[in-house]
Each structure stands twice: as structure tokens, then as C-alpha cells.
Amino acid sequence: AQSVTQLGSHVSVSEGALVLLRCNYSSSVPPYLFWYVQYPNQGLQLLLKYTTGATLVKGINVFEAEFKKSETSFHLTKPSAHMSDAAEYFCAVSETGANNLFFGTGTRLTVIP
Amino acid sequence: GAVVSQHPSRVICKSGTSVKIECRSLDFQATTMFWYRQFPKKSLMLMATSNEGSKATYEQGVEKDKFLINHASLTLSTLTVTSAHPEDSSFYICSAAEPGASGYTFGSGTRLTVV
């Protein structure tokens, strides 16, 4: 069975500061890991995903995440926050080859001017 | 890239009526689609897995007779909320996986308000 824990339901950063959103997962098999962003009243947009290979994954809008098996983590980072990054971010996991996603509870990112 | 279209984006209906939400894969065929429900300030809850040509698989606690799912073609799945009640008001999102891909594309969601 899989599960996802996102530490911090709400994160605030200043514009230009580092963004760090935490995600820990549990999975009995090698996982696929995802980060999605959701703007108000919209669906989810894929930021990045890890399947196999390189553990540092780069996504859209300069976001990246690193898969650390030993820590069962997949934290999302961005060097410099922009006002447009304010949104809800969801980490998700699926079992390799499986079809459905398990989501974390989400982290709302606020960017302070 | 893969695109999933969801319609309508917003709907308001009266209690007791039924509402149909459509989810279409625009440029790929999806044998499997997923329906999620999102409560305010909550994560997405998987409601059911929609399988083309067969019955949907519902998650525990989801009423099959209330949330009817039909996946009649490889590009269309529909969710019908029957005899809607105010507590059914929510944001419903569908997703589909492009064959051979390792990711999921989400629709833009449907905001259902039952009055």
C-alpha cells in the first residue's frame, strides 16, 4: 500500500526566497512519484515526475525534486520564489505499473512580496 | 502533450436532480480514467476507476448508485451525480493516463453546487 505525507499544510516564503515543500512517501514497491500544482478552481498540472533513472528531476518553471530512497522523500524545491508560484501543491505516488495515484493532503504556498 | 477536457467547468443544480460531467481524452485513447473528488482545503479523494467497456471500480465508501460512471468509448468517461443533495457539492476532477506514459493528465475540474 502507498501513502504520502506532506509536512506543512501552509508554507509562506518571500519573493525571491528558496521554496522547499516536503513530501515523504511509503510504498511496498518501487514508486513513481509526482508533484502537481493546482491554481484556484482549476485542475492539476504536472510539475515533474520520477519514474526511474536520475534521482534529481527537473520540471517546469524551474522546479525540481530529488528522489531519496533512503529517506523515502521527494521534496520539491525552487531556488527563487515568484509571485505566480502561489498555489496548492500536491505530492502523489503510484506503484510501478499501477494505474491510480495516491495524493498527499497538499501544501498551500503563499509568496510574500 | 496529452490533453484531457472536462465539461462543464461549473454547474449549479437543484436538489433531487441529476448532473452529468464529461471527461474526454482529446488526443489519445484512454482505456482507464479516474474520477476524484476534492473537498475544500482537502486533498483529492479517488472515487472510482472508469474502465472502457466494463463496469467501473469504486473505492470503499463511494455509493455506486449515486455516482454513476460510464466509459462507453476510449475517449469519453462520464460521471452522473444522481438525486443530488447539497452535500454532493464539491470539485470533481477526472484524469487519464496515456498508454505507455508514466504520468496522468488531469481535466480542469467541475465545480458542482447543489442548491
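Residues numbered from 1 in each chain as written. Chains lettered and ligands numbered in written order. Predicted model: local features only at pLDDT ≥ 70, side-chain atom pairs only at ≥ 80, totals over all residues. Heavy atoms only, no water.

> Looking at this structure, I do not really get the state of the cysteines. What am I missing?
Each disulfide consists of one covalent bond between the sulfur atoms belonging to two cysteines. Residues and elements named next belong to chain B. Overall, the coordinates contain two disulfides over all chains when judged by the stated rule. The disulfide partner of C23 is C94, and the gap between their sulfur atoms is 2.0 Å. Around the S-S axis, the bridge from C23 to C94 shows a dihedral of about 85° and counts as right-handed. With a gap of 71 residues between them, C23 in strand β3 (residues 19-25) and C94 in strand β9 (residues 90-96) connect regions that are remote in the sequence. Looking at C23, the relative accessible area reads 0%, which means it is buried. Distance from the sulfur of C13, which forms no disulfide, to the nearest cysteine sulfur (C94) is 18 Å. C13 sits in the buried class, given a relative accessible area of 9%. (Disulfide = S-S within 2.5 Å. Helix = DSSP H or I, 4+ residues; strand = E, 2+ residues; numbered from the N terminus. Buried < 20%, exposed > 50% of the residue type's maximum accessible area, 1.4 Å probe, protein only.)

> Just checking my understanding: could you explain the environment of Y89(A) for this structure?
Residues and elements named next belong to chain A. Examined against the element boundaries, Y89 turns out to sit in strand β10 (residues 87-95). Of the residues examined, Y89 reaches a relative accessible area of 1% and is grouped as buried. Along the sequence, Y89 and S9 sit 80 residues apart, while their C-alpha atoms lie 9.5 Å from each other. When neighbours within four sequence positions are excluded, Y89 is seen to be in contact with Q6, L21, W35, Y36, V37, L47, F63, L76, G106, T107 and L109. Only 2.5 Å separates the side chain of Y89 from the backbone oxygen of D85, close enough to count as a polar contact. (Contact = heavy atoms within 4.5 Å. Polar contact = N/O pair within 3.5 Å; in protein donor to acceptor, adjacent residues only side chain to side chain.)

> Quick question: what am I supposed to make of the nonpolar core here?
Nonpolar side chains in soluble globular proteins tend to be buried together. Judged by nonpolar contacts, the single largest core of 26 residues is most densely connected at W35(A), L48(A), L76(A) and Y89(A). Residue contacts for L48(A): discarding those within four places in its chain leaves L33(A), F34(A), W35(A), V57(A), K58(A), G59(A), F63(A), E64(A), A65(A), F74(A) and L76(A). Counting residues in each nonpolar core, the second largest holds 25 residues, with V11(B), A30(B), V62(B) and V81(B) among its members. (Core = buried A, V, L, I, M, F, W, Y, C linked by side-chain atoms within 4.5 Å.)

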